[in-house]
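Read off the chains here:
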Amino acid sequence: MRLAIEQAEQVKGSTYPNPPVGAVILDSDGQIAGVGGTQPVGGPHAEVMALRAAGDRAKGGTAVVTLEPCNHHGRTPPCVDALLASGISAVTFAVSDPNPAAEGGAQRLAEAGVTVSAGVLAGEVEKGPLREWLHKQRTGLPHVTWKFATSVDGRSAAADGSSQWITSEAARADVHRKRAAADAIVVGTGTVFVDDPTLTARRADGSLTSHQPLRVVVGMREVSPDAKVLNDDSHTMLIRTHDPHEVMRSLGDRTDVLLEGGPTLAGAFLRAGVVNRILAYVAPILLGGPITAVDDIGVPSITHAQRWGFDGITAIGPDVRLSLVPN
Ligand SMILES: NC(=O)c1ccc[n+]([C@@H]2O[C@H](COP(=O)([O-])OP(=O)(O)OC[C@H]3O[C@@H](n4cnc5c(N)ncnc54)[C@H](OP(=O)(O)O)[C@@H]3O)[C@@H](O)[C@H]2O)c1
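These notes cover the structure that comes with them. (Residues numbered from 1 in each chain as written. Predicted model: local features only at pLDDT ≥ 70, side-chain atom pairs only at ≥ 80, totals over all residues. Heavy atoms only, no water.)

### Some thoughts on the sheet that holds strand β5 (residues 115-117)
Then comes step 1: On the basis of which strands lie adjacent, the open sheet formed by 5 strands has the order β2-β1-β3-β4-β5 and mixed pairing. The two strands at the open ends of the sheet, each matched to only one other strand, are β2 (32-37) and β5. If you compare each strand with its neighbour and ignore which way they point, the axes differ by 15° on average.
Then comes step 2: Sheet topology note: the strand β1 (residues 22-26)/strand β3 (residues 62-67) ladder contains 4 bridges and is antiparallel. Bridge assignment links Ile25 to a residue of β3, and that residue is Ala63.
Then comes step 3: Sheet contacts for helix α2 (residues 46-54): β1, β2 and β3; angle to β2, the most-contacted strand, approximately 145°. (Pairing = 2+ DSSP bridges. Helix = DSSP H or I, 4+ residues; strand = E, 2+ residues; numbered from the N terminus. Axes fitted to C-alpha atoms, helices over the stretch in contact; angles between N-to-C directions. Contact = heavy atoms within 4.5 Å.)

Right, here's the structure in full:
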């Protein structure tokens, strides 16, 4: 299942509107016969990719999949049909399909005599490759991750506004991997004016990754046509509003949204209650001064604090990445 999760992580960002799923086929001796991940829309699902790689070795073997195999005819035939045709004897999956149109895969497999086990490493898959897609399925809304880099004293820029770079190259490479899997990156005009960021997903050598998220700039001020965020590397949406809910509506068909704005926009989104996850990249530096990571979020006293819980703490180079979800 960990190998299937790895496969799913590799295709994350390229499968919209389908979920990023990973699959592994073990032959009847338990040896890995094929692996696969969901292809871009209209292409084969993960199970079919792994079955193709396994060929005849799938017969009598086991399919390990991060999501319950689908049982419906979308743009491609049901994966359950492909699994049954391969002569597989067992199917193990992590998360049940919450989509009523696609569910029932496990039941059909079991009725056909396949040994089915559900829930294997479900927590890891729910927190990992399927986090944003499951949120979208359950709430109908995009999943918003507020990502920011901060000094250990909670500053997101030095007193003169400069913030490039607070964190290490290793931490920034991690951010670029997140961007490559995201559907949209949102900032305010303030960040565009001060940092002039390109907001693209890039590899270590500076080249663009194959998938580029939509760039979204929120605010009333005119963005200069020379701003890097308007270059040809990706598409850009300018939204003239201060209302986070309006931004959410404009991004309603997206799944995985990264909020990378400065303290003003981050504050507005937190106040509006539309942030689902926080990713804080904390560097072992001190900046002091007036530019804090987030502005007023409407907390008048300690009893009203927004309370979040850690769901992951990872050392990245000299920095630490904190992942938080609402309590
Ligand atoms: N460390 C980090 O991770 C990080 C990330 C990003 C930025 N920064 C730093 O943050 C600083 C820029 O901060 P910032 O707060 O100006 O950036 P910002 O939050 O990205 O942009 C602020 C602008 O967004 C617009 N806006 C959108 N919704 C709003 C709302 N609800 N209320 C008020 N304004 C809203 C306003 O522009 P209009 O006047 O055009 O309407 C506002 O001036 C820079 O020093 C930058 O280096 C740091």
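### Quick notes on the packing of α2 against helix α3 (residues 79-86)
Then comes step 1: Contact geometry for α2 and α3: axes closest at 9 Å, N-to-C directions at 20°. Taken together, the axes of α2 and α3 are roughly parallel relative to one another. Regarding α2 and α3, the two cross each other, and that crossing is left-handed. Across the interface between the two elements, Glu47, Val48 and Leu51 of α2 pack against Cys79, Ala82, Leu83 and Ser86 of α3. (Parallel < 35°, antiparallel > 145°, perpendicular 65-115°, else oblique. Left-handed = near helix turned anticlockwise from the far one by under 90°.)

### What about the pattern of salt bridges?
Then comes step 1: Applying the stated criterion across every chain yields a total of 11 salt bridges.
Then comes step 2: Among the ionic pairs, Lys147 bridges to Glu260, the shortest N-O distance being 3.4 Å. With Lys147 in strand β6 (residues 143-151) and Glu260 in the loop between β10 (256-259) and α10 (263-272), this residue pair connects regions lying 113 residues apart in the sequence.
Then comes step 3: The class of Lys147 is buried, set by a relative accessible area of 14%.
Then comes step 4: Looking at Glu260, the relative accessible area reads 10%, which means it is buried.
Then comes step 5: Between Glu260 and Arg179 there is a salt bridge whose closest N-O contact spans 2.9 Å. Of this pair, Glu260 sits in the loop between β10 and α10 while Arg179 sits in helix α7 (residues 169-181), placing them 81 residues apart in sequence.
Then comes step 6: Because the salt bridges share partners, they merge into one network encompassing Lys147, Arg179 and Glu260. (Salt bridge = Lys/Arg side-chain N within 4 Å of Asp/Glu carboxyl O. Buried < 20%, exposed > 50% of the residue type's maximum accessible area, 1.4 Å probe, protein only.)

### As for the packing of aromatic side chains
Then comes step 1: Tallied over the entire structure, the rule returns 1 aromatic pair.
Then comes step 2: With 4.0 Å between their ring centres and 10° between their planes, Trp146 and Phe148 make a pair best called stacked. Here Trp146 matches Phe148 in class, with each residue buried. (Phe/Tyr/Trp six-rings, centres within 6.5 Å; stacked < 30°, edge-to-face > 60°.)

### Observations regarding the site of the ligand
Then comes step 1: Taken together, 26 residues surround the ligand, and among them Gly161, Thr191, Met220, His242 and Thr264 come closest.
Then comes step 2: Residue Ser156 places a main-chain N or O atom 2.9 Å away from a nitrogen atom belonging to the ligand.
Then comes step 3: A distance of 2.8 Å separates an oxygen atom of the ligand from a polar atom in the backbone of Arg221.
Then comes step 4: Compared with its free state, where it exposes 920 Å², the ligand has 85% of that area covered by protein.
Then comes step 5: Of all the elements in the fold, those that place two or more residues in the shell around the ligand are β6, α8 (189-195) and α10.
Then comes step 6: It is α8 that contributes the most residues to the shell around the ligand, 5 residues altogether.
Then comes step 7: Classifying every residue of the shell around the ligand gives 10 nonpolar, 13 polar and 3 charged. (Near = heavy atom within 4 Å. Polar contact = N/O pair within 3.5 Å; in protein donor to acceptor, adjacent residues only side chain to side chain. Areas by Shrake-Rupley, 256 points an atom, 1.4 Å probe, with all protein chains shown as cover. Nonpolar A, V, L, I, M, F, W, Y, C, P; charged D, E, K, R; others polar.)

### Digging into the nonpolar core
Then comes step 1: Grouped together as the largest cluster of nonpolar side chains are 32 residues, with contacts concentrated most on Ile25, Ala63, Leu83, Ile88, Val91, Val95 and Leu130.
Then comes step 2: Excluding residues within four positions of it along the chain, Val95 makes contact with Thr66, Leu67, Glu68, Ala122, Val125, Glu126, Leu130 and Leu134.
Then comes step 3: Membership of the second largest hydrophobic core comes to 27 residues, among which are Leu214, Val216, Met248 and Ala293. (Core = buried A, V, L, I, M, F, W, Y, C linked by side-chain atoms within 4.5 Å.)

### Looking at a nonpolar patch on the surface
Then comes step 1: Taken together, Phe310, Ile313 and Val320 make up a surface patch of nonpolar side chains, about 300 Å² in accessible area.
Then comes step 2: Structurally, the position occupied by Phe310 is in strand β12 (residues 308-316). (Patch = residues over 30% accessible without salt bridge, like charges linked within 9 Å, V, L, I, M, F, W, Y side chains within 5 Å.)

### Observations concerning the pairing of β1
Then comes step 1: Within β1, 4 of the 5 residues are buried, which leaves the element mostly enclosed by the surrounding structure.
Then comes step 2: What sits between β1 and β2 in their antiparallel hairpin is a turn of 5 residues, with Gly30 showing a positive phi close to 85°.

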